[in-house]
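# Structural features, examined
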Amino acid sequence: MNFGNHIEEILSKLLSEPLLQDFVHLRPIILHEKKRELCDILIEDEPSAILLQLKVQDLTKANENRDQKRWAIKQLTKAESQVKGAIKYMSLSDISCSNTVRGEIRFNKDQLHAKHGIVVIDFDSVPFLLDDKFDSRTKMNVPIHYLTYSDFILLCQNLKTLPDLISYLEERAKIPKWARPLLGDEKNVYAYYLMHKSTFSYSIIRGDFNNKWCELTINYKKKFSGKVYEDGQTELFQKVLKELYNHDPIVSQLAPSYVAKIGNVSDPDRVEISRSLNRIRLLLRRAICKKLWEKLELSDTSKLGYNYFSIASKDKKTMFFFLCSRHNREKRLEELQIFSTTIYDLHKDINRVIGIATENLHSATGRSFDYILIEGIVREQDEDFLKEAKHTFFKNMEYISLHDFPDENLSII
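Residues numbered from 1 in each chain as written. Predicted model: local features only at pLDDT ≥ 70, side-chain atom pairs only at ≥ 80, totals over all residues. Heavy atoms only, no water.

### Re the overall build of the protein
Helix and strand counts for the protein stand at 13 helices and 13 strands. Across the 413 residues in the protein, those meeting the buried criterion constitute 50%. In the protein, the share of contacts with a sequence separation of at least 24, taken over all contacts with a separation of at least 6, comes to 69%. Just so you have it, the protein exposes about 20900 Å², and 50% of that area is on carbon and sulfur atoms. (Helix = DSSP H or I, 4+ residues; strand = E, 2+ residues; numbered from the N terminus. Buried < 20%, exposed > 50% of the residue type's maximum accessible area, 1.4 Å probe, protein only. Contact = heavy atoms within 4.5 Å. Areas by Shrake-Rupley, 256 points an atom, 1.4 Å probe, with all protein chains shown as cover.)

Next comes the structure, spelled out in structure tokens:
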């Protein structure tokens, strides 16, 4: 196997864990006169796309006395040109991807729009400053980021979600060229970002990044450790995402008839559910997981046999509903359908409801998930019924404050 291709596949798998494999595509193809690769890795949240070009070195074949910096600059120059070309071709040609989960996917030339280009290079020597000849943006005003392999993995493993990565890149693109960070020094850039309310000021200078990682991990070790711990408590949310594609598609043995429809989530619906869930940022995922564990436990002893909560997306267009029930699957699916439809009826301003059901905390049958997507159906118009439903099932509303650092103190900002 080609060494470069092998590393690309490893990187693709690494990215698929935090960024979700549904939307990480290895070596997409330009469907032009001559089919060729668009880039090494395409990360998309349609219509937004990140194009990544990777340059690696096979140390078993490299000259021991090779100038690492000179090699890096040469490879970065090639990769920059390739990223610029990929961004240009994305708007001119259809693109084909072979995704490990979704299979063959085709994007029309107007479906995806490049938001960022990333050049990733296998370089672990002393950090150095890139020459001004390396552009921070393309002629189409798409930002280009230059990162080492280890730094890019560090970002993905710490940011953990696609929307958080995109948000970081959006902020990073604000850094002026005169303050461009050193290549291989991204941990200090990331630390600055965390310690300044996830922003980069337009007035920043390069020296502002100095020793920020040490300051964060040593001076504020307890606070940072608390954040890392809280970030790690989102495995349940990742399980909700992963199980969507492991979900049993056939439940025809269950009744009534609509239950089979709920269980048999179609592939387009799976993608839409997955995409919507994947757009939830890490901070909110932490809050959802805490609430979900609480409801799992309460459903063990609930007189009704279930417990639940709902939460709106950031744009207020999608409502997510989570149900924990100790009833059998048939009954659980029925409850999921009733509650999800009721939420859709009650909130006239939302476009869709995504419902997720699972067993109670100490279920003897293990942990599974069922899903439902409701949109575009006729809403209930009986105001008396809706008033009663709201009072009975959704009368309690809770507002919570979310902080990246659990015991956030402005003294570190």
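### Describing the pattern of salt bridges
Enumeration according to the criterion identifies 22 salt bridges in this entry. Residue D370 pairs with R329 through a salt bridge whose shortest N-O separation is 2.6 Å. With D370 in strand β13 (residues 369–375) and R329 in helix α12 (residues 329–346), the pair connects residues that are 41 residues apart, well separated along the chain. E359 serves as the salt-bridge partner of R367, at 3.7 Å between the closest nitrogen and oxygen. According to the relative accessible area criterion, R367 is partly exposed, its value standing at 25%. With relative accessibility at 4%, the residue E359 sits in the buried group. One connected set of salt bridges, linked through shared partners, spans E44, D45, R102, R275 and R279. (Salt bridge = Lys/Arg side-chain N within 4 Å of Asp/Glu carboxyl O.)

### Brief notes about unusual backbone geometry
The omega angle of the peptide bond from E46 to P47 is 10 degrees, so this bond is cis rather than trans. Secondary-structure assignment places P47 in the loop between β4 (41–45) and β5 (48–55). One non-glycine residue, K160, lies in the positive phi region at around 70 degrees. Tracing the sequence through the fold places K160 in the loop between α3 (149–159) and α4 (162–172). With phi around 60 degrees, S198 is a residue other than glycine that occupies positive phi space. With respect to the helices and strands, S198 occurs in the loop between α5 (186–195) and α6 (212–219).

### Overview of the sheet that holds strand β8 (residues 113–121)
Read across the open sheet, the five strands follow the order β1-β4-β5-β8-β9; overall the sheet is mixed. Unpaired on one side and paired on the other, β1 (24–26) and β9 (144–148) mark the two borders of the sheet. Neighbour to neighbour, the strand axes of the sheet diverge by 20 degrees on average, direction disregarded. Across three bridges, the pairing between β1 and β4 is antiparallel. In the sheet register, V24 faces β4, and the bridge partner there is I43. Across the sheet, helix α2 (residues 68–90) touches β4, β5, β8 and β9, and the angle it forms with β8 is around 165 degrees. Sheet contacts for α4: β4, β5, β8 and β9; angle to β8, the most-contacted strand, approximately 85 degrees. (Pairing = 2+ DSSP bridges. Axes fitted to C-alpha atoms, helices over the stretch in contact; angles between N-to-C directions.)

### Points about the packing of helix α7 (residues 221–231) against helix α11 (residues 282–301)
With their axes 9 Å apart at the nearest point, α7 and α11 run at an angle of 65 degrees to one another. By the angle class used here, α7 and α11 are roughly perpendicular. In this structure, α7 uses K227, E230 and D231 to contact α11, whose residues at the interface are L282, R286 and K290. By residue class, the composition of the contact of α7 with α11 is one nonpolar, no polar and five charged. (Parallel < 35°, antiparallel > 145°, perpendicular 65-115°, else oblique. Nonpolar A, V, L, I, M, F, W, Y, C, P; charged D, E, K, R; others polar.)

### Some words on the environment of T301
Relative to the helices and strands, T301 is located in helix α11. Given the relative accessible area of 65%, T301 is considered exposed. Linking T301 and N360, residues 59 residues apart in sequence, is a C-alpha distance of 9.2 Å.

### Here we look at α3
Most of α3 is tucked away, with nine of its 11 residues classed as buried. At the C-terminal side of α3, K160 shows a positive phi close to 70 degrees.

### A closer look at the sheet that holds β13
Strands belonging to one sheet form pairs held by backbone hydrogen bonds; the direction of such a pair is parallel or antiparallel. A sheet is described by the order of its strands in space; here four strands give the open sequence β10-β11-β12-β13, paired in mixed fashion. Every interior strand has two partners, whereas the edge strands, β10 (306–312) and β13, have only one. Going across the sheet, the axis of each strand differs from the next one's by a mean of 15 degrees, ignoring polarity. In this sheet, β13 lies alongside strand β12 (residues 352–359) in antiparallel orientation, the contact comprising seven bridges. Within β13, the residue paired with I354 across the bridge is L373. On the sheet, helix α8 (residues 235–243) packs against β12 and β13 and is oriented at approximately 75 degrees with respect to β13. The strands touched by α11 are β10, β11 (318–325) and β12; relative to β10, the strand with the most contacts, the crossing angle is about 165 degrees.

### What about the packing of aromatic side chains?
The final tally for this structure, using the stated rule, is 16 aromatic pairs. When the centroid spacing of 5.6 Å and the interplanar angle of 70 degrees are considered together, the rings of F134 and Y146 count as edge-to-face. Taken together, the positions of F134 in the loop between β8 and β9 and Y146 in strand β9 put the pair 12 residues apart, joining distant regions of the chain. In terms of burial, F134 and Y146 fall into one category: buried. Judged by centre distance (6.2 Å) and plane angle (75 degrees), the rings of F200 and F209 are edge-to-face. Of the residues examined, F200 reaches a relative accessible area of 3% and is grouped as buried. Here a set of aromatic residues connected by ring pairs shows up, and it is made of Y168, Y190, Y192, Y193, F200 and F209. The positively charged end of R379 is found above the aromatic ring belonging to Y344, 3.8 Å away from the centroid. (Phe/Tyr/Trp six-rings, centres within 6.5 Å; stacked < 30°, edge-to-face > 60°. Lys NZ or Arg CZ within 6 Å of the ring centre and 35° of its normal.)

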